[in-house]
Amino acid sequence: VSATRNVPPSPGRWLRALTLAHAALGAAVYRHELRAIAAEGLFGTVPYRSDRAAALRFIGSAFPGWLVGRFVDTAIETGDYRSAQLAGVLGTLAGVGGAVLMPHSLSLLQVAICARIVLVSRGLAAEETKAAC
Amino acid sequence: VKPIPPSPGNGRLLQLIGAGHTLVGTVVYRKELRAIGRDRVVAAIPYKGPKATAFWFMVPSTLIWIIGGLVNRAEHAGDAKALREAHGLGLASAILAAACLPVSGFWAWIAISLRGLYAARRLRA
């Protein structure tokens, strides 16, 4: 990693903040379902077709979201802009899909953050290519 | 010395799980997905109800696919710290989810996370 590389604050941290907000929103929206799951002792308390399943999946998707943010940070720090860019593009597409299906959600923020990941990683890659020339 | 990633790589296995998850969701929630299509897609999903359950089942597939790609990158770069974090968090969330929903694919995620933690430990050693 070049010592002169000008690395801006990674947008991966914004993605991680978004997953915390997502988990908090899930805890509020699905509080009754989460309380029922806890009251029944967790084990085998979630059927496939139920609001409890929606609650579990909603909150559960915060974990992989957090990891994506973490890995994007590492990829940018270590100069692997291609991986960060790919993650950003896929995240943007998934966010657009989510925003269309569910406009009253945090998906638009996901689109903004993931688009920023793409722009930052693209800019850094171009900077590195220019420096190498 | 260039680290040798495990074969098959845990990142690739996670991507396989992401693809399998989508396939299972398409079969299990086909009626709900058809209903979303009939409702013209835009704003078709409320926070609660069968369509929301189907939607939130499908969402992690993309995320798992992306994580698989990034884990693959970390395996090839020998980034033991990132692998430890990814598989540690993956293991914790998969154990919790498997307890709530025992008949599910979370067990495969647990197995991959354990394998990944072992590989990360060997990288560090």
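Cut-off values and rules
- Residues numbered from 1 in each chain as written.
- Chains lettered and ligands numbered in written order.
- Predicted model: local features only at pLDDT ≥ 70, side-chain atom pairs only at ≥ 80, totals over all residues.
- Heavy atoms only, no water.
- Contact = heavy atoms within 4.5 Å.
- Buried area = accessible area lost by both parts, 1.4 Å probe.
- Salt bridge = Lys/Arg side-chain N within 4 Å of Asp/Glu carboxyl O.
- Polar contact = N/O pair within 3.5 Å; in protein donor to acceptor, adjacent residues only side chain to side chain.
- Helix = DSSP H or I, 4+ residues; strand = E, 2+ residues; numbered from the N terminus.
- Buried < 20%, exposed > 50% of the residue type's maximum accessible area, 1.4 Å probe, protein only.
- Arc of directions from axis to C-beta.
- Patch = residues over 30% accessible without salt bridge, like charges linked within 9 Å, V, L, I, M, F, W, Y side chains within 5 Å.
- Areas by Shrake-Rupley, 256 points an atom, 1.4 Å probe, with all protein chains shown as cover.
- Axes fitted to C-alpha atoms, helices over the stretch in contact; angles between N-to-C directions.
- Parallel < 35°, antiparallel > 145°, perpendicular 65-115°, else oblique.
- Nonpolar A, V, L, I, M, F, W, Y, C, P; charged D, E, K, R; others polar.
- Core = buried A, V, L, I, M, F, W, Y, C linked by side-chain atoms within 4.5 Å.
- Phe/Tyr/Trp six-rings, centres within 6.5 Å; stacked < 30°, edge-to-face > 60°.
- Lys NZ or Arg CZ within 6 Å of the ring centre and 35° of its normal.

Engineer: Any chance you could explain the interface of chain B and chain A here in plain terms?
Structural biologist: For interface size, the figure often reported is the accessible area lost on association. Taken together, the contact between chain B and chain A spans 46 residues of the former and 46 residues of the latter. Interface area for chain B against chain A, summed over the two sides, is near 4200 Å², with a carbon-plus-sulfur share of 73%. At the boundary of chain B with chain A, the tally comes to four salt bridges. Here chain B is connected to chain A by 17 residue pairs in polar contact (both at pLDDT 80 or more). Every element with two or more residues in the side of chain B that touches chain A is listed here: helix H1 (10–28), helix H2 (30–38), helix H3 (50–77) and helix H4 (80–100) of chain B. Looking at the side of chain B that touches chain A element by element, the count peaks at 16 residues for H3(B).

Engineer: What is the right way to look at H2(B) in this model?
Structural biologist: One turn of an α-helix holds 3.6 residues; hence residues three or four places apart share an orientation. Of all the residues in H2(B), the buried ones are B:Glu32, B:Ala35 and B:Ile36. An end-on view of H2(B) places all buried positions within 100° of arc, on one side of the element. Exposed residues on H2(B) whose side chains face more than 90 degrees from its buried face are B:Lys31, B:Arg34 and B:Arg38. Where H2(B) is buried, its residues meet helix H5 (81–101) of chain A together with H1 and H3 of chain B. B:Arg40 sits one or two residues past H2(B) and shows a positive phi near 65°.

Engineer: Could you clarify how one ought to interpret the environment of A:Val68 in this entry?
Structural biologist: When you line up the elements, A:Val68 lands in helix H4 (residues 62–77). Between the alpha carbons of A:Val68 and A:Ala87 there is a distance of 7.7 Å; along the sequence they are 19 residues apart. Once you skip the residues sitting within four places of it in the chain, A:Val68 turns out to touch A:Leu15, B:Leu63, B:Ile66, B:Ile67 and B:Leu70.

Engineer: Can you help me understand the pattern of salt bridges in this one?
Structural biologist: Opposite charge on two side chains makes pairing possible when the charged atoms of those side chains draw close. This structure, assessed with the given rule, holds eight salt bridges over all chains. A:Glu40 is paired through a salt bridge with A:Arg52; the nearest N and O atoms lie 2.7 Å apart. Taken together, the residues span a long stretch of sequence, with A:Glu40 in the loop between helix H2 (31–39) and helix H3 (51–60) and A:Arg52 in helix H3 at a distance of 12 residues. By relative accessible area, A:Glu40 is classed as partly exposed at 48%. Measuring nitrogen to oxygen at the nearest pair gives 3.8 Å for the salt bridge that ties B:Asp79 to B:Arg73. B:Arg73 matches B:Asp79 in its accessibility class, with the two residues each being buried. Connected via shared salt-bridge partners are A:Asp80, B:Arg73 and B:Asp79.

Engineer: Sorry, what's going on with a nonpolar patch on the surface here?
Structural biologist: Nonpolar side chains collect at one region of the surface, where A:Val96, A:Val100, B:Val41 and B:Val42 lie side by side and expose about 290 Å² of accessible area between them. Among the secondary structure elements, B:Val42 is positioned in the loop between H2 and H3.

Engineer: Explain the packing of H2(B) against H3(B) to me, please; I cannot follow it from the model alone.
Structural biologist: Geometrically, a packed helix pair is captured by the angle between its two axes and the distance between the axes. All names here are of chain B. One can describe the packing of H2 onto H3 by two numbers: an axis separation of 9 Å at closest approach and a directional angle of 105°. In terms of axis orientation, H2 runs roughly perpendicular to H3. Packed against H2, whose contacting residues are Glu32, Leu33, Ala35 and Ile36, the element H3 presents Pro50, Lys51, Ala54 and Met58 at the interface. By residue class, the composition of the contact of H2 with H3 is six nonpolar, no polar and two charged.

Engineer: Looking at this structure, how should I read the nonpolar core?
Structural biologist: A general feature of soluble globular proteins is that nonpolar side chains tend to end up buried together. Judged by nonpolar contacts, the single largest core of 42 residues is most densely connected at A:Leu15, A:Val46, A:Val68, A:Phe71, B:Leu14, B:Ile67 and B:Val71. Contributing elements (two or more residues each) for this core: helix H1 (12–29), H3, H4, H5 and helix H6 (107–132) of chain A together with H3, H4 and helix H5 (106–124) of chain B. The biggest single contributor to this core is H4(B), with eight residues. Setting aside residues up to four positions removed in sequence, A:Phe71 forms contacts with B:Ile67, B:Leu70, B:Val71, B:Ala74, B:Ala82 and B:Ala86. A:Phe58, A:Leu101, B:Ile36 and B:Ala52 belong to the second-largest nonpolar core, a separate cluster that totals 12 residues.

Engineer: How should I be thinking about the packing of aromatic side chains in this particular structure?
Structural biologist: Any two aromatic rings considered together are summarised by their centre-to-centre distance and by the angle between their planes. Taken as a whole and judged by the stated rule, the model has six aromatic pairs over all chains. For the pair B:Phe55 and B:Trp56, a centre-to-centre distance of 4.9 Å together with 75° between the ring planes defines the contact as edge-to-face. In this structure, B:Phe55 and B:Trp56 share a single accessibility class: buried. An aromatic cluster is built from A:Tyr30, A:Phe58, B:Tyr47, B:Phe55 and B:Trp56, whose rings are joined through pairwise contacts. Above the face of the A:Trp66 ring, A:Arg16 is positioned so that its terminal group lies 5.5 Å from the ring centre.

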